[in-house]
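Topology and contacts: notes
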Amino acid sequence: MAYFQALFDRICGDLQRSTQEMSSDFLQLSSNQQRVSYALSIPSVHDYIKVKPMFKGKSAVEATKLREFGNKMFGQKDYESALQMYSESVLRAPFDPDVHHSYLHGDMNGNSQERDVTTDDENEFSLALANRSAVLFNLGKYDLSLKDIELALHHGYPEELKYKLHERKGRCLWNLGRDDEAMRSFVIAKEHVTKSQLNSKKRKSWKATVDKQIAAIQRTPSSVETSSASSSATDIPSVSYGTNITFPSLSTAVEIRQSGQRGRHAVAAQDVRVGDVLIVEKPCGSVVLPEQCDTHCDYCCRRVSAPLPCHQCSTARYCGHECADLAWTQYHRVECQYLGLIHSSGVGGMGHLALRLANRTGFRFLQEFDQTLEEKTARKVKEPEKDAHERKPGYTDLQYEDFPGLNAEGVYTNDYNCVYNLENHSSERKPSDLFRRTVMAIFLLRILQNGGFFQVPGEEVSEEDQLLVASHLLRHLQMIPCNAHEVSEFEFYRGDPDRCRYLEVASALHCTMLGMFNHSCDPVINRNFYGDVLVARAIRPVAKGEEITLNYSVLYTTQPRMERQYKLAGQYFFKCSCQPCVENWPLFYDMVQDLQQRNKLPKLKCGQCFSVLPGSDDKGSDKVKCAACGEDQELEALRTQLDNIVEEVFNKVGVVVTGEVESTLPVLERCLERMEKIVARPYGYYDSCQEAIKQCYGIVGNCHERATS
């Protein structure tokens, strides 16, 4: 049993009154502060909820063992295993963060504080980096090798061995097409070999080898084109048609409306085509799941092959110095020593995300935010509602007063104001559920308290401040299950589409997406990720004025209606009334099987007005009159058109499985648009085309190619 659940069971077991009696009391509480205050008044909550640091620290001894094991793998030419061992050594090795910081930021003023890092410890860090640079070079990852070489040199790599690093640096630069820099590195390597422990014969032989490399550069300059960054790290798409002024994460093709029946929802402000990018959004917060911590950057959620460490723990890893610095400044400083506890406690990704949101927001900001809320509430009581003619022009019905989340300027800025105003369904929750979340909020509060979130010793934090922060944590714990979602990575098996799947990497909160878009089991948009940046594209055409929907993790093609309805009601508190649910559309497998066996013909649409043609699925019909426009329609001609499109789709599907996206994606997108005009849904091959398009989007976003053997 996980730590928090055992803790919660113990607290409940110690309560003298019955659960029913306690639930009755708890039900009368109307605010999160009242709920937290009630829970804190229970003696066992005070007695049992104690937290202590639990994390994997640094160890030079362990780092050495890991590096030596990596050396064995390297000697056996098992480069992937060697890379893994060297990376673990880098993460475990102690290093001086002030030396690290001066390397990154040029701070050479000598103002660093004393650190318990010896020269030998620092050497272990540099040795691990240097060895990893060797295996990265052998794997052809010259950029990463170069970064490790630079960092190893800065962290005290032994003077007598530096000649090897400078020579390797020269070869990296040469392979990257940076010939002039490579020449300089080779010259520096020759200068440093004089400080090596090589005997004169070996030194002479080594210099001769370097001279040959210099001569090769002079004789045949590199033809490699230099690149400043990998495309996967930079090519995040922009929204189609320009940025929405009110909702900066959205395209201008999307309009947000609010109504009593639909709530906040999105509609098309213009006709939308397949492939249009409608959302590009950074999250307000994200947490990498414990099972992915070994392979993904703790800050941006990208897969990382040569991670850089936190200076204090050996758990968090980063794809670069920038992510490491941002993580430490924004949240890791508080969480670092409690990561082991958070991961093993059983609070899950949702609980960790609740803590992360408060942590990133900061105590002072939460104080000011609550004060501003109180002032606004008081002002609303005193001031009558503004008449329509007094409101700001251009906002239609999206006013701050009646549209939670917009700031005073009428912009949805994806900040804590947006987070706070997301739906949490507090009134629909059972008292037992609320009590459990309240106790969890106090548990998370203690982690923040002991981790330095309040910037005073934990025991000196006032009860008022504890109540303030815990009430926000409790709000997060209610809101996150209804609004957060996974950050995913596409696992691609080239030539083996049946094994391809999406891997859940992190939990994240993108306020605009789930806060503004309603669910459909047949969604308009598909989301995938570039790091933690969400990109949502249209996967079917939408006419101006039609609603734009997404899916809340259930699709009609893969889950029966009853199963979908049960999940949506339990987690999101609504009964789905989308077309697939109302009409009980069949599963994908059943649709395709019927088409392959010719059990059913598809319903077709009029070629003039695109209305569904009654009787067009009758095998005996060759011609029908459109009930909407009155035009006669030749069914055989329409079926031939459809068959040609389907054939083209399956030809391109065969190409997609090889990983070729650039030439296939536009064709598939246009095929889907043509299919939309000919055939009525549900139609299995329409969904086949959608799935191929979604696979293309997965390949160009977060994608990890796996071996097919």
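This text goes with the structure placed above it.
Residues numbered from 1 in each chain as written. Predicted model: local features only at pLDDT ≥ 70, side-chain atom pairs only at ≥ 80, totals over all residues. Heavy atoms only, no water.

This part is about the side chain of D522. Residue position: D522 is located in the loop between helix 21 (511-516) and strand 9 (525-530). The exposure class of D522 is buried, given its relative accessible area of 6%. Of the polar contacts made by the side chain of D522, one reaches the side chain of R681; its length is 3.1 Å. Sequence-distant contacts of D522, that is, excluding residues within four places in its chain, are made with R540, T549, Y556, P580, W585 and R681. (Helix = DSSP H or I, 4+ residues; strand = E, 2+ residues; numbered from the N terminus. Buried < 20%, exposed > 50% of the residue type's maximum accessible area, 1.4 Å probe, protein only. Polar contact = N/O pair within 3.5 Å; in protein donor to acceptor, adjacent residues only side chain to side chain. Contact = heavy atoms within 4.5 Å.)

Once that is clear, we can look at empty space enclosed by the protein. Evaluation of the coordinates by the stated rule reveals one cavity of 30 Å³ or more. If you go around the largest cavity, the residues you meet are C521, D522, P523, I539, L555, Y556, T557, D687, Q690, E691 and K694. Counted by class, the lining of the largest cavity contains five nonpolar, two polar and four charged residues. (1 Å grid on protein atoms, 1.4 Å probe; cavity = no way out; pocket = protein on both sides within 12 Å on 5 of 7 lines; lining within 4 Å. Points joined across faces, edges and corners; volume = space filled by probe spheres on them. Nonpolar A, V, L, I, M, F, W, Y, C, P; charged D, E, K, R; others polar.)

Here V287 shows up in strand 4 (residues 285-288). Classification of V287 as buried rests on a relative accessible area of 1%. Sequence separation between V287 and C301 is 14 residues; the distance between their C-alpha atoms is 8.1 Å. Those residues in contact with V287 that lie beyond four places of it in its chain are G349, H352, L353, R356, A506 and S507.

As a further point, take the sheet that holds strand 9. With antiparallel pairing, three strands are arranged side by side in an open sheet as 3-10-9. Both outer strands of the open sheet, strand 3 (277-281) and strand 9, are each paired with one neighbouring strand and no more. With direction set aside, neighbouring strand axes in the sheet form an average angle of 20 degrees. Of the strand pairs in this sheet, strand 9 and strand 10 (residues 533-538) are connected by six bridges, and their pairing is antiparallel. (Pairing = 2+ DSSP bridges. Axes fitted to C-alpha atoms, helices over the stretch in contact; angles between N-to-C directions.)

As enumerated under the stated definition, the model contains 25 aromatic pairs in all. Note on F363 and F453: the rings are 6.4 Å apart at their centroids and 65 degrees apart in plane angle, and the pair reads as edge-to-face. Residue F363 is found in helix 17 (residues 363-382), and its partner F453 is found in the loop between helix 19 (431-451) and helix 20 (463-483); the two are separated by 90 residues along the sequence. An angle of 50 degrees between the planes, with centres 4.8 Å apart, marks the rings of Y552 and Y572 as tilted. Here Y552 is found in the loop between strand 11 (547-548) and helix 22 (561-572), whereas its partner Y572 is found in helix 22, with 20 residues between them in sequence. Judged by its relative accessible area of 7%, Y572 falls in the buried class. An aromatic cluster of three or more residues is present, and its members are Y3, F4, F8, F435 and F443. (Phe/Tyr/Trp six-rings, centres within 6.5 Å; stacked < 30°, edge-to-face > 60°.)

Spatial relationships are all this shows, so hold off on functional conclusions.
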